Amino acid sequence: MQRRPFLKGVGVVTVVVVGGGVWRAYDQGVFSVGQGPAYEPWKDWRNNSDEGALALVRAAILAASPHNTQPWLFKVTNSSIVLYIDTKRNVGALDPFLREEHIGMGCALENLMLAAAAHGYQATATLLPGKLGPIPAESKPELLARVDLVSGKHEETNLYDAIPRRHTNRSAYKPQKPIPPQFVDTLSRLASEEPDVKLFLFTAEADRKKIVEVSSAANAEIYSDPDVKRGSDRWIRIKE
Ligand SMILES: Cc1cc2nc3c(=O)[nH]c(=O)nc-3n(C[C@H](O)[C@H](O)[C@H](O)COP(=O)(O)O)c2cc1C
């Protein structure tokens, strides 16, 4: 299988083709800020008119993952994409049962399914049953899901269009910057049609301060565990 132009020379982010067509995307600079080759997949993800099912992987790798570990591997053929989790790419004691990594895999699968519809595939996802367990000492790719692809109708949804906009910008917070009231209003109505979701918005300064203090204390507490810190530091390039 040939590497496509976007895959050549991308520097920090590399998509590797292993024999037999197993794909993997990885990014070694986790909390990198700004522009650069690591951001190319965000720009190029739709330039893919001629590459069939591989285009869906471009969308999948834009998914969120814990500490940007991107634990996914893809095996791509014309009629299916198989998803594996690479259990080596873990954050250690912060996520001892790889629960968060599996959520990241779900995010990638969701992007893939949205992209499948946008590319005119009817996609059927089959999840493998299984239980979470401790991080395996002998790490090897584990099969999580299979997506079967047949020709279907093109359906470009709002969620598909939103894929490149769901992205951490790594910029500093500006706590004094006011949030426009109409934005708060939009947020407050987001869950109005979701009977199982309750949304609480805290806009008063005293409430905000309390939340900042509580979450900051929780953060300090968890990272005071040396095992947690070690597992996490592995993925953090830029430190304060
Ligand atoms: C299960 C899960 C847990 C996450 N937990 C945190 C978190 O605690 N704090 C945080 O700042 N980001 C968290 N993230 C966001 C990731 O750091 C982020 O997705 C990743 O760095 C990639 O950046 P991107 O989402 O902009 O592509 C989490 C993401 C996932 C999928």
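This structure is a prediction, so every number in the text was calculated from the model and none was measured. (Residues numbered from 1 in each chain as written. Predicted model: local features only at pLDDT ≥ 70, side-chain atom pairs only at ≥ 80, totals over all residues. Heavy atoms only, no water.)

### Side note on the site of the ligand
Okay, so step 1: In the neighbourhood of the ligand, the contacting residues comprise Trp42, Ala64, Ser65, Pro66, His67, Asn68, Glu100, Ile103, Arg166, His167, Thr168 and Arg170.
Okay, so step 2: Contacts to the ligand include Arg166, whose side-chain N or O atom sits 2.8 Å from an oxygen atom.
Okay, so step 3: Between the ligand and the protein, one listed contact pairs an oxygen atom with a backbone N or O atom of Thr168 at 2.6 Å.
Okay, so step 4: A total of 620 Å² of accessible area belongs to the ligand in isolation, and the protein chains cover 65% of it.
Okay, so step 5: Looking at side-chain class alone, the shell around the ligand contains four nonpolar, five polar and three charged residues. (Near = heavy atom within 4 Å. Polar contact = N/O pair within 3.5 Å; in protein donor to acceptor, adjacent residues only side chain to side chain. Areas by Shrake-Rupley, 256 points an atom, 1.4 Å probe, with all protein chains shown as cover. Nonpolar A, V, L, I, M, F, W, Y, C, P; charged D, E, K, R; others polar.)

### Quick word on the pairing of strand β6 (residues 142-151)
Okay, so step 1: Bridge analysis of strand β4 (residues 80-85) against β6 gives six bridges, and the strand direction is antiparallel. Residue pairing in the sheet places Ser80 in a bridge with Asp148 of β6.
Okay, so step 2: Examined bridge by bridge, strand β5 (residues 121-127) and β6 share seven bridges and lie antiparallel to one another. Within the sheet, the bridge partner assigned to Ala123 lies in β6 and is Leu149. (Pairing = 2+ DSSP bridges. Helix = DSSP H or I, 4+ residues; strand = E, 2+ residues; numbered from the N terminus.)

### Concerning the pattern of salt bridges
Okay, so step 1: Scanning all chains against the criterion turns up 11 salt bridges.
Okay, so step 2: Across the pair Arg58 and Glu51 runs a salt bridge whose closest N-O atoms are separated by 2.4 Å.
Okay, so step 3: A relative accessible area of 9% means that Glu51 is categorised as buried.
Okay, so step 4: What emerges from the salt-bridge pattern is a single network uniting Arg46, Glu156 and Asp161. (Salt bridge = Lys/Arg side-chain N within 4 Å of Asp/Glu carboxyl O. Buried < 20%, exposed > 50% of the residue type's maximum accessible area, 1.4 Å probe, protein only.)

### Observations regarding the confidence of the model for the protein chain
Okay, so step 1: When pLDDT is averaged across the protein chain, the result is 85; 84% of the residues are at 70 or more.
Okay, so step 2: Across residues 1-32 the pLDDT falls below 50, and counting only partners more than four positions away or on other chains, this stretch makes 77 contacts in the model. (pLDDT = per-residue confidence, 0-100. Contact = heavy atoms within 4.5 Å.)

### So, the side chain of Arg89
Okay, so step 1: Along the chain, the position of Arg89 falls in the loop between β4 and α3 (99-118).
Okay, so step 2: At 5.0 Å, Asp86 is the nearest oppositely charged side chain to Arg89, a buried residue that forms no salt bridge.
Okay, so step 3: A polar contact of 2.6 Å, which involves the side chain of Arg89, links it to the backbone oxygen of Thr69. (Lys, Arg positive; Asp, Glu negative; His and termini not counted.)

### Considering the packing of aromatic side chains
Okay, so step 1: Under the definition given, this model contains one aromatic pair.
Okay, so step 2: An angle of 55 degrees between the planes, with centres 5.1 Å apart, marks the rings of Trp45 and Tyr160 as tilted. Taken as a pair, Trp45 in the loop between α1 (40-44) and α2 (54-60) and Tyr160 in helix α4 (residues 158-162) lie far apart in primary sequence, 115 residues in all. Grouping residues by exposure puts Trp45 and Tyr160 together as buried. (Phe/Tyr/Trp six-rings, centres within 6.5 Å; stacked < 30°, edge-to-face > 60°.)

### Comments concerning the nonpolar core
Okay, so step 1: Within the largest apolar cluster, 34 residues are counted, with the highest numbers of intra-cluster contacts made by Leu56, Phe74, Ile81, Leu83, Leu112 and Leu149.
Okay, so step 2: Looking at this core, the elements with two or more residues in it are α2, β3 (72-76), β4, α3 and β6.
Okay, so step 3: With eight residues, α3 is the single largest residue contributor to this core.
Okay, so step 4: Once you skip the residues sitting within four places of it in the chain, Leu56 turns out to touch Ile81, Leu112, Ala115, Ala116, His119, Tyr121 and Leu149. (Core = buried A, V, L, I, M, F, W, Y, C linked by side-chain atoms within 4.5 Å.)

### A look at the environment of Glu156
Okay, so step 1: Within the fold, Glu156 resides in the loop between β6 and α4.
Okay, so step 2: If we ignore the near neighbours within four places in the chain, the residues touching Glu156 are Arg46, Ala118 and Asp161.
Okay, so step 3: Among the polar contacts made by the side chain of Glu156, one reaches the side chain of Arg46 at a distance of 3.1 Å.

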